[in-house]
Amino acid sequence: MRKRWLCAGLAGMLVFTAACGKENETGGGVSPTPTQAVNGEVFGGEETGNEKDAPDEKKDGEEDQDTEESGSGEGDENAAGNESGVGDENTAGSESGVGDENGEGTGDGNGKEDTDESGAAPIYPEWIVEEKDIGPATSIASLKEAYAPYFKIGVGLTGYAPHVMMTTSEAMSEIVKYHFNSATLTNLMKPSYLLDQKASIENAKNGDGMPAVKFDSCIDALEFSKENGIGMRGHTLVWHAQVPAWFFCEGYEDGAPYVDRETMLLRMESYIAQVIGFTEENYPGVVYCWDVVNEAVEPGGGKHEDETGFDIRTKTGEGEDNLWYTVVGADYVEKAFTYARKYAPEGVKLFYNDYNTFQTVKNEKIYALLADLSAKGLVDGVGMQSYYDRKNPDIKGRSGSVQRAIENFSQLGLEIHITELTINIDEPDERALLVQAMRYKEMFELLMELDSDNGGPANITSVTVFGLMDEYMLYPDNKEYSRFFDGDLQPKQALMWVLDAAQGK
């Protein structure tokens, strides 16, 4: 069956040729090679040489329906985070080949090629799911198989509510099962979804005073992962955003005074124990790691404390109080890891997750925090969110690059996860799609080069792209163009070039 799509390699070459030809027409000069096209100038784009000119890293989570905090690394996929990237990138592209030539034959048994009268590969009825042709997506090489020698390949399960979560779509589910062996809920496992205010108030009045937790938002994803042998990254236990303010208040009542530090620590421990306990009791072995604390380091002026040396954030991106710091103090990070270690089964890894980890100062502060937690046996790995655009940050090379950040973290001896990889473009024109493909390919080439399974210094064990398709089919008028599949669930050039990278092309 996979033979039908061998023409995709040629298609990749044609797209590349067309993009370069277009540049030649409009620019009046010699068509650049892929390396020239992004060595300082991306097809005529302006070079960005310092942090103040570079775009902020984007946020994880969902589109406009989900915005909790515009300054965070997470929340709204169409917004920007609050730290800027750096520099231009140095990359090289290659024409895309495809897939696996060892699949079933699909001819008619008379030696004829499997095409229609026009010469195009036919569309078979079993490939049409929800009016989407998923044949091309499930006939090429599988991402998870291509990168099996190196690391897990994960996908963000998009959805701001259970009814629009990715696995409610059969078409998207089939592609997830084919290409990925790890998954992360982009929203539905965060505290704002799991905490139950009404039941918590009842506990405060007539029970033990501990928070009540419900799991209806994430059951479907846990079931899907269990049924299909897909590991899940638990995301996230403690975060200053997407956690309700009433969680910190007396009696869990809106607007009530904040509780004292000791009461809040009891609530934190209870919440972590309940969430980890539920997943392990009902879905043992599914959640293989937890993002215990999310985005606690903030070097920005006026937004962090100065006592620890870790720049633990005191303010959100919008300048509001980080209530974990306000009520508990700077050691809320260590306390969260202490409780998570207490309740997590052996083999379930504990991660610290953050954005803009490539920025030199932030990288150094996170390194210091992780070194302290690691010395106490509390952390197993670091999650690098990785929201990039078509030029920034540098993937390889100088200070402020992704390469330098990974090399620095590798000295800690911890696992490294790329947790929310997103390389965004504003519009899906040929030039932008080509640059996007180059950037994704360069990123995966770097990860393989640095991975300890390939002789490198970094123990990279999971790489997650934080969504499946452009123009997400369950959201109206979605304009996200950062994914591996387009709005019709057809493989994009970026995916084909990432598969090329795994084969050394």
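These numbers were taken from a predicted model, which means no experiment stands behind them. (Residues numbered from 1 in each chain as written. Predicted model: local features only at pLDDT ≥ 70, side-chain atom pairs only at ≥ 80, totals over all residues. Heavy atoms only, no water.)

S.K.: Account for unusual backbone geometry, with residues named and values stated.
M.R.: Note the cis peptide between His235 and Thr236, where omega equals 0°. Locating Thr236 in the fold gives a position in strand S11 (residues 231–239). In this structure, the amide linkage connecting Asn392 to the following residue, Pro393, adopts the cis form with an omega of -5°. Structurally, the position occupied by Pro393 is in the loop between strand S15 (387–388) and helix H12 (402–410). Its identity is not glycine, yet Tyr252 carries a phi of approximately 60°, on the positive side. Exposure remark for Tyr252: the relative accessible area of 0% places this residue in the buried category. (Helix = DSSP H or I, 4+ residues; strand = E, 2+ residues; numbered from the N terminus. Buried < 20%, exposed > 50% of the residue type's maximum accessible area, 1.4 Å probe, protein only.)

S.K.: Report on the packing of aromatic side chains, specifying residues and quantitative values.
M.R.: Scanning all chains against the criterion turns up 17 aromatic pairs. When the centroid spacing of 6.4 Å and the interplanar angle of 55° are considered together, the rings of Tyr147 and Tyr150 count as tilted. Like Tyr147, the residue Tyr150 is buried in the burial classification. Ring geometry for Trp324 versus Tyr332: centroids 6.3 Å apart, planes at 20°, classification stacked. Per residue, the accessibility class of Trp324 equals that of Tyr332, and both read buried. Joined through ring pairs, the aromatic side chains of Tyr147, Tyr150, Phe151, Tyr440, Phe444 and Phe484 make up one cluster. One Lys or Arg, Lys152, reaches over the ring of Tyr288 and ends 5.0 Å from the middle of that ring. Taking NZ or CZ as reference, Arg267 lies 3.8 Å from the ring centre of Tyr252, over its face. (Phe/Tyr/Trp six-rings, centres within 6.5 Å; stacked < 30°, edge-to-face > 60°. Lys NZ or Arg CZ within 6 Å of the ring centre and 35° of its normal.)

S.K.: So what's going on with the confidence of the model for the chain? Which residues, and what values?
M.R.: Within the chain, residue pLDDT values average 82, and 75% of them lie at 70 or more. Note on residues 1–118: pLDDT is under 50 here. Beyond four places in sequence and across chains, it has 310 contacts. (pLDDT = per-residue confidence, 0-100. Contact = heavy atoms within 4.5 Å.)

S.K.: Tell me what's going on with the pairing of S11, and back it up with residues and numbers.
M.R.: With respect to burial, S11 is a largely interior element, nine of its nine residues being buried. In the sheet, strand S8 (residues 182–185) pairs with S11 via three bridges, with the strands oriented parallel. Across the sheet, Thr184 pairs through a bridge with Arg233, a residue of S11. Of the strand pairs in this sheet, S11 and strand S12 (residues 287–294) are connected by six bridges, and their pairing is parallel. Bridge pairing in S12 links Trp239 to Asn294. Between the parallel elements S11 and S12, the chain passes through helix H8 (residues 261–282) in a crossover that is right-handed. (Pairing = 2+ DSSP bridges. Right-handed = clockwise from strand over helix to strand, strands pointing away.)

S.K.: So, the pattern of salt bridges: which residues are in play, and what are the values?
M.R.: One pass over the structure, following the stated rule, counts 18 salt bridges. Where Arg261 meets Asp331, a salt bridge forms, and the shortest distance between an N and an O atom there is 2.9 Å. Of the two residues, Arg261 is situated in helix H8 and Asp331 in the loop between helix H9 (323–327) and helix H10 (332–343); the sequence distance between them amounts to 70 residues. On the accessibility criterion, Arg261 (29% relative accessible area) is partly exposed. Between Asp321 and Lys315 there is a salt bridge whose closest N-O contact spans 2.6 Å. Residue Lys315 is classed as partly exposed on the basis of its relative accessible area of 26%. When salt bridges that share partners are traced, they join Arg261, Glu262 and Asp331 into one network. (Salt bridge = Lys/Arg side-chain N within 4 Å of Asp/Glu carboxyl O.)

S.K.: Residues and numbers for the packing of H8 against H10, please.
M.R.: Orientation of H8 relative to H10, taken along the N-to-C sense of each, is 40°, at an axis distance of 9 Å. When the interaxial angle is binned, H8 and H10 end up oblique. Considering only the axes of H8 and H10, their crossing is right-handed. For the pair formed by H8 and H10, the contact residues are Arg261, Leu265, Met268, Glu269, Ile272, Ala273 and Ile276 on the first element and Tyr332, Lys335, Ala336, Tyr339, Ala340, Lys342 and Tyr343 on the second. The class makeup of the residues in the contact of H8 with H10 is 10 nonpolar, no polar and four charged. (Axes fitted to C-alpha atoms, helices over the stretch in contact; angles between N-to-C directions. Parallel < 35°, antiparallel > 145°, perpendicular 65-115°, else oblique. Left-handed = near helix turned anticlockwise from the far one by under 90°. Nonpolar A, V, L, I, M, F, W, Y, C, P; charged D, E, K, R; others polar.)

S.K.: Quick one: what's the story with the pairing of strand S17 (residues 459–465), residue by residue and with numbers?
M.R.: Burial within S17 is extensive, with five of its seven residues counted as buried. Where strand S16 (residues 415–423) lies against S17, five bridges are found, and the strand directions are parallel. Each bridged residue has a counterpart across the sheet, and for His417 the counterpart in S17 is Ser462. Viewed along the sheet, the connection from S16 through helix H13 (residues 430–450) into S17 turns out right-handed.

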